[in-house]
Structures are given as structure tokens and as C-alpha cells.
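Chain and residue survey
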Amino acid sequence: MVVLYSIALHLYALLLRLVAPFVPKAAQWLAGRQELLPRIQAALRAEKAPLAWFHCASLGEFEQGRPLMEAYTSRHPGHKLVLTFFSPSGYEVRKNWPGADYVFYLPLDTADNARLFLDAVRPRLAVFVKYEFWYHFLHELRERQIPAICVSAIFRPEQTFFQPWGGFFRRILGSFTHIFTQNAASVELLRSAGITQASVAGDTRFDTVVRTASAPPRALPLVDAFTDDWAPVFIIGSSWPEDLPALRPLLAQYQEQLRFIVAPHEISETNLRLVEEALPGRVVRYSQATEATVAEARVLLMDNVGLLSQLYRFGHFAYIGGAFGKGLHNTLEAAAFGLPLFFGPTYHKFQEAQDLVELGVAFPINTAQELLTAFAPLFRSEEARLKVQDLSLDYVHDHSGATNKIMQWLAER
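The model shown is predicted, which means the values in this text are computed figures rather than measured ones.

A few words on the packing of aromatic side chains. Counted under the stated rule, the structure contains 37 aromatic pairs. Their ring planes at 45 degrees and their centres at 5.7 Å tell us that F234 and F260 sit as a pair that is tilted. With a gap of 26 residues between them, F234 in strand β8 (residues 233-239) and F260 in strand β9 (residues 259-264) connect regions that are remote in the sequence. For F234, a relative accessible area of 0% corresponds to the buried category. The class for F260 is buried, based on a relative accessible area of 0%. By the ring-pair criterion, three or more aromatic residues cluster together here, those being W53, F117, F128, F133, F137, F155, F161, F162 and F176. The ring of W29 has R33 sitting right over it, with the charged end atom 3.9 Å from the ring centre. Above the face of the F86 ring, R33 is positioned so that its terminal group lies 5.3 Å from the ring centre.

Structure (C-alpha cells):
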């Protein structure tokens, strides 16, 4: 099975080489791994401080792991942090993050790469955030008796680990020293598969969003000017083209009563134009705006990255994108500000989204008409909106604290 796993990874890398001329992310993935191990070895050759290695698949996992990284370096000021990413969308945005001393792509998971990487890094601890179960890296960590933990993990019965043919993948999970899950159901699933080194800590993202919501707000004068007339603000976060058919009627019907801030998940000219076509003449791009032009627009189109978590404080309602495609994006950033949430139908893999729906503060929709129907009573009734706000804020604060639980476990080892 190890041979088949290795062949599959090499085929994946080959596929990326084939599509790289046409897919920018594939090209970035390959370029970032050119001479990667020699660069890592050179960067760390003279390093004498103890190192902790944190690995994140992409940007979302980085935000999930960030409170734990910051807590670790705060508690161990003499240690240094090595941060790796699998995806360009994480590495390219956070490669200069000052909280990490070294930031790299993760080499492809082969036996030689795992050995050479760990020879260079020599970590005291390895932390994998949520997903990313790499056989060779975890096997090598276990052989070297380096503690390896997985944090904010969540598991579902349909995953390969829990199928009769999933023995190889259960072995991967068995290489972890400990797995911290988001919920009790995940622990029970792991134990049913013979993985006993697991416990519930919760989701570290709650700690991130609580801190973001309570921190002094970042100065955003253009957004201040856009919202200066006190009209309710509807934030559309991490939208995909697949979300727009459900959103267009809402944008058209409420364009005189609401102001919309739209932050596409991927900033491309094609995606930006799709939003502009939804309300012709009423959209201004953030990079081209002035305080005078935003005051006249009804839609502020964010054509940059890194501001979305700050934008929710301006909002009264939020639509979170992705759930008409592969899966819902981060709902907690908006929930931490108490915004009623709307999103598409593909959300069941996300515990917090299920919780928010059950609480009655998030509203999954399948069509544009369902969105209009769900939105109208909350728009008409300030009392109803504020009730949602209170429930949402209570939920987020009640579920924070995962970082402290994990740090306590580490302190006892």
C-alpha cells in the first residue's frame, strides 16, 4: 500500500506539471518546490535554537492554527517556529508572517524528502492543523520519537479511515502522538477504528475570531466612507461565481436600502467582472476607490486579500460563499460579530455551520428565492436581527478555549 501511495503522489506531481502552463496555482506549487530541500537546509544549517514545526494545508488552516502558534512562541520565547504550507494560497499570503521564523512549502511526501526535511529542521514538536495526513512525514516523526499532534481535527463516518479497506490510512492516524478533535463524535469514530490517543479540545478558530472581534479595529477609511450613511451593510465573503445566481436578485431588490461589500474568494479579473455585471454602474473596486466615489456606489468590491475578517465589523448581515461548490468557507469570522449568516447547501462537513443552523442564526439556501425569503424577516425586524446577534456571540464565546487545552496538554509532557 505504501508503494501505491507513493505512486499516487508522484502522479499528482506529474499532473501539476502538465497543467502548470494553464493553471497559475499549479505553476506556483511547482516553482515553490524547485530546489526546496537545499534551500531549507541552507536556511537552518546554523540554527541552534530549539525548533517547533507547524504545518498548514492552506490559508484557512493557518488562521486555525495561528492562536496555537502564538501561544507556543509566547510560552517558549527561546524557541523558534518553522511554518510549512502545502498550498500556494497559504504560502504566498503568509510567507512573510512575522510570527514564524522560517516559512517554507512542504516537500512532497516521500521517504527521502521526509528524512532530509527532518534532518534539517530537527523539530522538538510537530503540529498538523486539521487535515494533512502525510504517511512518510508522520512515520519518520514516530521513528525519531518526535511528538506529533493534530489539532482542530474533525472526522466523519464516510471517510476512508473508517472503511473496511482503510487500514493503511488508519496507520497514518496511528502515527500521531495525540489527536485533538473539534467534537466528541470524532473521538468516538477514532476509537471505533482503534485510534485511542485522541481527545476533544474544540476548534482553535474560535480563539482566533474572538481575538479579532475584540481587538482594536484596523483603520479602513474607504470602508468608513462607504458605510457613512448608516445604511445596513450586507457582507458577501469568499464568494465564488457559483454563488452569484443566488445573490443577484437580492442585490437588485435591495440596492437602494442596503450597501454591499463583496470579497471574492479568488481575485481575478473574471471574478471581479462577474460581480460588476450584477449591478452595472453601482460597483466600485476598492483599489480604484476614493472617499467620494465609494459614497456614490452601492457595492464595494474588494480586489485585495487579507481584509475580510476586518470587514465583518461593518456588517449587519453576511453571506458566506463556497457552499454552492466544493464547500463552505469560514463562517466564524462573521459569527464573531453576531451577523445573521446565509450560505448555500454544501455545509454539512463543518461542525460550526451545523451548530449555527440549529441555533437559528444561520440560514442555508438552495435558490435565490429562498435567500430572499430568509432575509426579509431579519431585514424588517431589528428585534429579530439582534436576537440572532446575541445567540451568535454567545455561541462563539462559549466554544473558545481550545488553544489553552492544547497548551495545557503540551505543558504536561
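UniProt records the feature "domain: 3-deoxy-D-manno-octulosonic-acid transferase N-terminal" (unreviewed entry) for residues 43-207 in the present numbering. Helix makes up 40% of residues 43-207 and strand 22%, with an end-to-end C-alpha separation of 32 Å.

Evaluated as defined, the whole model comprises 20 salt bridges. For R144, the salt bridge is made with D119, and the minimal N-O distance between the two is 2.9 Å. On the criterion of sequence distance, the pair formed by R144 in the loop between α7 (135-143) and β5 (148-153) and D119 in helix α6 (residues 111-121) is long-range, its members being 25 residues apart. The class of R144 is partly exposed, set by a relative accessible area of 29%. Note that E188 and R191 form a salt bridge whose closest N and O atoms lie 3.9 Å from each other. With E188 and R191 both in helix α9 (residues 184-192), this residue pair falls three residues apart, about one helical turn.

About the thresholds
- Residues numbered from 1 in each chain as written.
- Predicted model: local features only at pLDDT ≥ 70, side-chain atom pairs only at ≥ 80, totals over all residues.
- Heavy atoms only, no water.
- Phe/Tyr/Trp six-rings, centres within 6.5 Å; stacked < 30°, edge-to-face > 60°.
- Helix = DSSP H or I, 4+ residues; strand = E, 2+ residues; numbered from the N terminus.
- Buried < 20%, exposed > 50% of the residue type's maximum accessible area, 1.4 Å probe, protein only.
- Lys NZ or Arg CZ within 6 Å of the ring centre and 35° of its normal.
- UniProt positions renumbered as here; feature names shortened; annotations may be inferred.
- Salt bridge = Lys/Arg side-chain N within 4 Å of Asp/Glu carboxyl O.

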